[in-house]
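Chains, contacts and geometry: an overview
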Amino acid sequence: MNIVALHPMVHGLLPELLLVGGASAILIVGVLGARALAFPLSILSAAGAIWMSTRLAILPAEATAALHIDSLVAFTRLCTLLVGVLILLVNRHVPEEREQPEYFSLILFSLAGIMLVSVANDLVLLFLALELVSVPTYILIGLSRKDVRAQEATGKYFFLGAFAAALMLYGFSFLYGAAGTMQLFPAGGETRSLAAALARPEILADKLTLVGLLLVIGGLAFKVAAVPMHFYVADVYQGAASAMTGMLGFVPKFAGFIALIRVFSMTGWVLSDGMFWLLWAMAALTMTVGNTLALMQQNVKRTLAYSSVAHSGYMLVALLAGPGGLAPNAADTESPLRNGLSAMLFYMVMYGVMNLGAFAAVSCLRKTGDEGDDDSVERLEDASGCARKHPWAALALAICLLSLMGMPPTGGFLGKLYVFSSAMSSEAGTARAMPMLALVIIGVLNSAIAAAYYLRIIAACYLGKPADGIRASRCRMLHVGLAACAVLVMALFLRPGVLFDRAHSAVADMGNKPLSTETSATAELTAK
Amino acid sequence: MEHILTWLIFLPLIGMVAVLIAPSSMARGIAWMTTFITFLVSCTMFGPFLPGGAAWTGDGYGKAMQFVHQTPWIHVGNFHINWHVGLDGLSFPLIILTTLITWLSAWASWNFDHWTNNKGAKGFFALFLLLETGVLGTFASLDFFLFYIFWEVMLLPMYFLIGVWGGPRKEYAAIKFFLYTLAGSVLMLVALIAMYFASGTAMGDPGNSTFNIIDYAINAKIHDYFNDTTTKFLGWTFGRAMFVMLFIGFMIKVPLFPTHTWLPDAHVEAPTPISMILAGVLLKLGAYGFLRVCYPIFPEAGKWAAYAVATLGVINIVYGAFCCLAQTDFKRLVAYSSISHMGYVVLGTAIMTDVGFQGAMFQILAHGVSSPMCFFLVGVIYDRAHHRDLNRFGGLWLAMPKYGSLATLGFFASLGLPALCGFIGEIWVLLGTFNAGFPWAKPMAVIAAFGAILTAAYILWMIQRVYLGKKQEQYADFPDVTARETAILIPMAALAIFMGVLPKYTFDLMNGTLSDIIKVIQGS
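No experiment lies behind these values; they were computed from the predicted model shown.

Reading guide: rules and limits
Residues numbered from 1 in each chain as written. Chains lettered and ligands numbered in written order. Predicted model: local features only at pLDDT ≥ 70, side-chain atom pairs only at ≥ 80, totals over all residues. Heavy atoms only, no water. Helix = DSSP H or I, 4+ residues; strand = E, 2+ residues; numbered from the N terminus. Contact = heavy atoms within 4.5 Å. Areas by Shrake-Rupley, 256 points an atom, 1.4 Å probe, with all protein chains shown as cover. Rg over C-alpha atoms; globule rule 2.2 N^0.38 Å. Buried < 20%, exposed > 50% of the residue type's maximum accessible area, 1.4 Å probe, protein only. Axes fitted to C-alpha atoms, helices over the stretch in contact; angles between N-to-C directions. Parallel < 35°, antiparallel > 145°, perpendicular 65-115°, else oblique. Left-handed = near helix turned anticlockwise from the far one by under 90°. Nonpolar A, V, L, I, M, F, W, Y, C, P; charged D, E, K, R; others polar. Buried area = accessible area lost by both parts, 1.4 Å probe. Salt bridge = Lys/Arg side-chain N within 4 Å of Asp/Glu carboxyl O. Polar contact = N/O pair within 3.5 Å; in protein donor to acceptor, adjacent residues only side chain to side chain. Expected span 1.5 Å × (residues − 1). Bend = angle between axes of the 7 residues up to and from the residue. Patch = residues over 30% accessible without salt bridge, like charges linked within 9 Å, V, L, I, M, F, W, Y side chains within 5 Å. Disulfide = S-S within 2.5 Å. Core = buried A, V, L, I, M, F, W, Y, C linked by side-chain atoms within 4.5 Å. Phe/Tyr/Trp six-rings, centres within 6.5 Å; stacked < 30°, edge-to-face > 60°. Lys NZ or Arg CZ within 6 Å of the ring centre and 35° of its normal.

Here we come to the overall build of chain A. On a plain count of helices and strands, chain A comes out with 24 helices and 2 strands. Of the contacts formed within chain A by residues at least 6 apart in sequence, a portion of 82% connects residues at least 24 apart. As displayed, chain A has an accessible area near 17,600 Å², and 68% of this comes from carbon and sulfur atoms.

Right, dumping it as structure tokens:
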């Protein structure tokens, strides 16, 4: 692409700028009265951003100090936008006519936030990006449903979210104190960076750093809904309209995990024993607590909410496995199966699609057929026997649930396979091999437990006596989005390479690349 | 037809698509035709397995695989999963058994009450055919990953077939079946990944990691590494840890005490044709897993676990038989008899000798013929009486002479009467156990032989209660077996007699491969 000499900052942010520009335009169009244009415009903006990001991926990176444009950014942009289009389709029927411009533009803002999280090379920018992801979701939950439960969910989500953001910000201030710089990675001629500072053992082991990292992990745990920051999940997921919940399962989680990758890259993936066991316990608890609570639910949305916690646990396992290639005898750093991060990214996108599909199906099946307020099925009895009347919606729901369960032939199975195999191999030969393996066994046992509650939903749809008056939404876009999710889930089983190769190349050089050399550390010392 | 085996696996899937497209009224016809054609196609594959055929080259285990089709499927980085299928003397008889029993079951599904009140004939037969693809794929897979995929693919159709078209407690039975099997297969998944990585370590180059089941057994480097007691996994010996995980996965399917409790529930709730497939084919998958995966790949662990496995086998035989004696539900009795009979398979496998393996394999096939027959016989009477209470029957032989004769034949085959199929497998296993080199083998053989007496007791007592005795009024006007029912029973009855009188022809199909496996086991 031949873009005339733009400022590198602008150049590096073109897809995000396009998206934000599109969102702003939608708001203006809305004010001008052409509300019907809101949805097509939002799809158009997302499509334009996709086109832009694929072209940008081949341009030279590392343009400025504030932006950190690497292969992970390209991956994040593409996946965010592709899943984003699905989110838009699925949410087409949710907002009332007069609220459409706000609704769709907020979704676009939130998507732009995820992309900025991956780009940010500065603590402040990172924080702002994370808030750009979250703040629109607070409003969206309230907009999605005219129901007191939605108001409650908004309030809960907002206050707890603010609390988590404060934790994170507090942690950032400690990190700044420890390193003396806001910049994450060396870039744009600037040598002082957090990564370079944390590469020095005495700074990494410093109490300030430790407190900072703990607080940041705590704040991000809220975004990804990991134990012990998972309390809000069930109420918020239940309160929001089902289609919006599908988005909540992907957007903050994806942003949170990208931020976690960045934070751990900063430390060069050197985990102290304390940090390792902390994350270990977090992963184990997140899987187990999520599944146990999900098992106790009678409400489809609450079940899926807690299952979303459990899925964060699986991804934490992969995160703990790290980029691989660090274990002394891991001869093949090339093997994608040893790279926990590529497994995590694959799983994240996979989860985004299957979870969205499941909620789209729930959103499609409604109790009265009234398109206005959200009255999608909630209790198991509501969905009982829906397969008789609405075989296609039930089939799509079943496919997505089976994928969440991790059954072949669906992409969710491969996601679990990648996660567990990376966890089993990445630390092979070190003292941590045993605990990692234990984590894998906890993980597979959890997947078996999880099957019980997913199956209960499928059983209600297929085996139950038909409930009265169950209807399907007539919204075309919702049907298209739902079908696309179900088809993608199956297609990614047959051709996982399409996604997995990209995920792998996004993180392939992480961990092997010396993030800071002796010289940069010395340079920093002299600078001080 | 170069890729005839791949076609065979996917033939039912093509039929499934046809069932889904065609109108509901044609579903059962299409399913019948598809399963019949699949059966015929599998019959055309006999050639290489007959004495002197290509499968008999005697180059060792895995060297004479027939109808091999290998092509890359998922290649991500150096992670290779292949579409790799092939048949040898171990899998081929099971393929024939599967196609035959599935065809007969499709026929047995002909007169469901549901079809008249329009309760989803399409769904039933679509799932039915999907199940056949899953089973055929599992038997034919030579890539462990593929094996696992097909193994899981079977799970869902079965769940729905029991859960939608089953008896009063169908939901409970279906979920129990699903969760038990899934619990086993997640352990298999861990073993699958661990074996993949360990194979790379064994080859000295992670790029050479493989899922090839045959390579695990015959590649000297991998085989030695897997069976080296100094190779560790979580602090345990690698081979033994893998063996135990895989064993648990397979034993749930067999099912082996104490993981057997899903089976009686599943059988009692499942409709007759599904019970036929479950007993005739699905249970065999667990035993096939022992013979294909556990023992050839981890013989060292096999020897280490022999005593425990044999004990479980004997418990199955005796405990299953005692349970049969206690049943009043006809179908539950047959279900427990399956548990008892599969005990012989496990016992024969555990002792790891030529005779033991032959006996186990023969028992697999014999039970694959006799148990669907028994379940169908139960189904025939249930269709007429609408209950299965053993104590309320009596004198059925007088009311239904043809049915009575066929039933006696079927149950005697199951009992293990000489000159019928059940006898050969049991006697082979008992002889093998008696002569096995283990100090505990002889007492085991004696206890297992005692199980045969119990078997005779419960079968004869059942025949006495149901078929003999005075003609009862409420059963007097029951019509005898129809032409369709006879046509389903005759092939199984004929096979039961054929295998019992001329067992040589059955042994011929599989002995070559089994002795190759024994050589692999003894070579380590």
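Another point: the overall build of chain B. A count of helices and strands for chain B gives 22 helices and 4 strands. Its C-alpha atoms give chain B a radius of gyration of 22 Å, near enough to 24 Å, the size a compact globule of 524 residues would have. The C-alpha extent of chain B, read off along each of the three principal axes, is 75 × 55 × 45 Å. In chain B, which comprises 524 residues, the share counted as buried stands at 67%.

All names here are of chain B. Contact pair helix H13 (residues 299–326) / helix H19 (residues 441–466): the axes reach a minimum separation of 8 Å and the direction vectors enclose 20°. In terms of orientation, H13 and H19 fall into the roughly parallel class. Our pair here, H13 against H19, has a crossing hand that is left-handed. Contacts between H13 and H19 involve Tyr307, Ala310, Thr311, Val314, Ile317, Val318, Ala321, Phe322, Cys324 and Leu325 from the former and Met444, Ile447, Ala448, Gly451, Leu454, Thr455, Ala457, Tyr458 and Trp461 from the latter. Here the contact of H13 with H19 is built from residues that sort into 16 nonpolar, 3 polar and no charged.

Moving on, we come to the interface of chain B and chain A. At the interface, 36 residues of chain B touch 41 residues of chain A. Between chain B and chain A, a total of about 3,300 Å² is buried, with carbon and sulfur atoms accounting for 85% of that surface. For the interface between chain B and chain A, the tally reads 0 salt bridges. For the interface between chain B and chain A, the tally reads 0 residue pairs in polar contact (both at pLDDT 80 or more). Listed by contribution, the elements that provide at least two residues to the side of chain B that touches chain A are strand S1 (66–76), helix H6 (144–165) and helix H7 (170–203) of chain B. No other element matches H7(B), which puts 14 residues into the side of chain B that touches chain A. Residues belonging to the side of chain B that touches chain A are distributed by class as follows: 29 nonpolar, 4 polar and 3 charged.

Residue and element names in this part refer to chain B. If you check helix H21 (residues 483–501), its first and last C-alpha atoms are 26 Å apart, about what 19 residues at 1.5 Å a residue would give, namely 27 Å. Helix geometry: H21 is bent most strongly at Leu489, by close to 25°, with proline Pro491 lying one to four residues after it. Turning to H21, its buried residues are Arg484, Glu485, Thr486, Ile488, Leu489, Met492, Ala493, Ala496, Met499 and Gly500. Summarising the contacts, the buried residues of H21 are in contact with helix H3 (92–108), helix H12 (272–297), helix H15 (354–385), helix H17 (401–415), helix H18 (421–435) and helix H22 (503–523).

Let us look at the environment of B:Gly289. Residues and elements named next belong to chain B. Tracing the chain through its elements places Gly289 in helix H12. Classification of Gly289 as buried rests on a relative accessible area of 0%. As a C-alpha pair, Gly289 and Val254 span 35 residues in sequence and 9.5 Å in three-dimensional space. Aside from chain neighbours lying at most four places away, what touches Gly289 is Phe250 and Cys294.

So, on to a nonpolar patch on the surface. Residues and elements named next belong to chain B. Residues Ile497, Phe498, Val501, Leu502 and Tyr505 make up a contiguous nonpolar surface patch of about 450 Å² in total accessible area. No other element matches the 3 residues that H21 contributes to the nonpolar patch. Take Phe498: it is sitting in helix H21. The exposure class assigned to Phe498 is partly exposed, which follows from its relative accessible area of 37%.

All names here are of chain B. Evaluated as defined, the whole model comprises 0 disulfides over all chains. Unpaired in this structure, Cys324 has its nearest cysteine sulfur neighbour in Cys323, at a distance of 7.1 Å. This cysteine, Cys374, is not joined by any disulfide, and Cys421 carries the nearest cysteine sulfur, 9.1 Å off.

Residues and elements named next belong to chain A. Counted by the stated rule, this structure contains 20 salt bridges over all chains. Here Asp235 ties to Lys156 by a salt bridge, and the two come within 2.4 Å at their closest N and O atoms. Here Asp235 is found in helix H11 (residues 233–239), whereas its partner Lys156 is found in helix H7 (residues 148–179), with 79 residues between them in sequence. Accessibility expressed as a relative area gives 23% for Asp235, which makes it partly exposed. Asp273 is paired through a salt bridge with Arg432; the nearest N and O atoms lie 2.8 Å apart. With Asp273 in helix H14 (residues 273–295) and Arg432 in the loop between helix H20 (411–425) and helix H21 (433–463), this residue pair connects regions lying 159 residues apart in the sequence. In this structure, a network of salt bridges that share partners links the residues Glu96, Arg98, Glu99 and Lys146.

This part is about the side chain of A:Ser403. Residue and element names in this part refer to chain A. Within the element layout of this structure, Ser403 appears in helix H19 (residues 391–405). Ser403 gets classed as buried once you look at its relative accessible area, which sits at 0%. Here Ser403 is in contact with Met350, Met354, Thr410, Gly411, Gly412, Phe413 and Val489, once residues within four sequence places are set aside.

Two numbers describe how H21(A) lies on H7(B): the axes approach to 10 Å, and their chain directions differ by 155°. Considering their axes alone, H21(A) and H7(B) lie roughly antiparallel with respect to each other. Handedness of the crossing formed by H21(A) with H7(B): right-handed. Judged by residue contacts, A:Val440, A:Val444, A:Ser447, A:Ala448, A:Ala451, A:Ala452, A:Leu455 and A:Leu463 of H21(A) engage B:Glu171, B:Ile175, B:Phe178, B:Leu179, B:Leu182, B:Ala183, B:Val186 and B:Val190 from H7(B). Considered class by class, the residues forming the contact of H21(A) with H7(B) number 14 nonpolar, 1 polar and 1 charged.

For the rest of this paragraph, the subject is the nonpolar core. Formed by 419 residues in total, the largest nonpolar core has its most connected members in A:Leu345, B:Phe144, B:Met195, B:Phe330 and B:Phe411. Excluding residues that lie within four positions of it along the chain, A:Leu345 makes contacts with A:Leu72, A:Phe75, A:Phe254, A:Ile258, A:Ile261, A:Ala503, A:Ala506 and A:Val507.

This brings us to the side chain of B:Gln327. Residues and elements named next belong to chain B. Position of Gln327 among the secondary structure elements: in the loop between H13 and helix H14 (330–350). With a relative accessible area of 13%, Gln327 lands in the buried category. At a separation of 3.0 Å, a polar atom in the side chain of Gln327 contacts the main-chain carbonyl oxygen of Cys323.

On to unusual backbone geometry, then. The residue after B:Val254, namely B:Pro255, is reached through a cis peptide bond having omega -10°. Relative to the helices and strands, B:Pro255 is located in the loop between helix H10 (238–253) and helix H11 (262–269). Note that the residue after B:Phe257, namely B:Pro258, is joined by a cis bond; omega there is 5°. Within the secondary structure layout, B:Pro258 lies in the loop between H10 and H11. A positive phi angle is found at A:Ala225, which is not glycine, with a value near 60°. Assignment of secondary structure puts A:Ala225 in the loop between helix H10 (207–224) and H11.

Let's shift gears to H20(A). With 15 residues, H20(A) extends 21 Å between its outermost C-alpha atoms, agreeing within 8% with the 21 Å of an ideal straight helix rising 1.5 Å per residue. Along H20(A), 15 of the 15 residues are buried, which leaves the element largely enclosed by surrounding structure.

A word on the packing of aromatic side chains. Residues and elements named next belong to chain B. Applying the stated criterion across every chain, the model contains 70 aromatic pairs over all chains. Note on Trp32 and Phe36: the rings are 5.2 Å apart at their centroids and 25° apart in plane angle, and the pair reads as stacked. Taken together, the residues span about one helical turn, with Trp32 and Phe36 both in helix H2 (residues 27–43) at a distance of 4 residues. A relative accessible area of 21% means that Phe36 is categorised as partly exposed. Taken together through their ring pairs, the aromatic side chains of Phe144, Phe147, Trp151, Phe243, Phe247, Phe250, Phe290, Tyr295 and Phe357 make up a single cluster. The ring of Trp151 is capped by Lys253, whose NZ or CZ atom sits 5.3 Å from the centre of that ring. Above the plane of the ring of Tyr505 lies Lys504, whose end atom (NZ or CZ) is 5.2 Å from the centre.

In this section: the environment of B:Gly166. Residue and element names in this part refer to chain B. Structurally, Gly166 can be placed in the loop between H6 and H7. In the structure, Gly166 is positioned 212 residues away from Val378 in sequence and 15 Å away in space, judged by C-alpha atoms. Excluding its chain neighbours within four sequence positions, the residues that come into contact with Gly166 are Leu161, Glu269 and Pro271.

For the rest of this paragraph, the subject is the environment of B:Phe79. In this structure, B:Phe79 sits in strand S2 (residues 79–87). Expressed as a C-alpha distance, the spacing of B:Phe79 and B:Asn208, which sit 129 residues apart in the sequence, is 9.1 Å.

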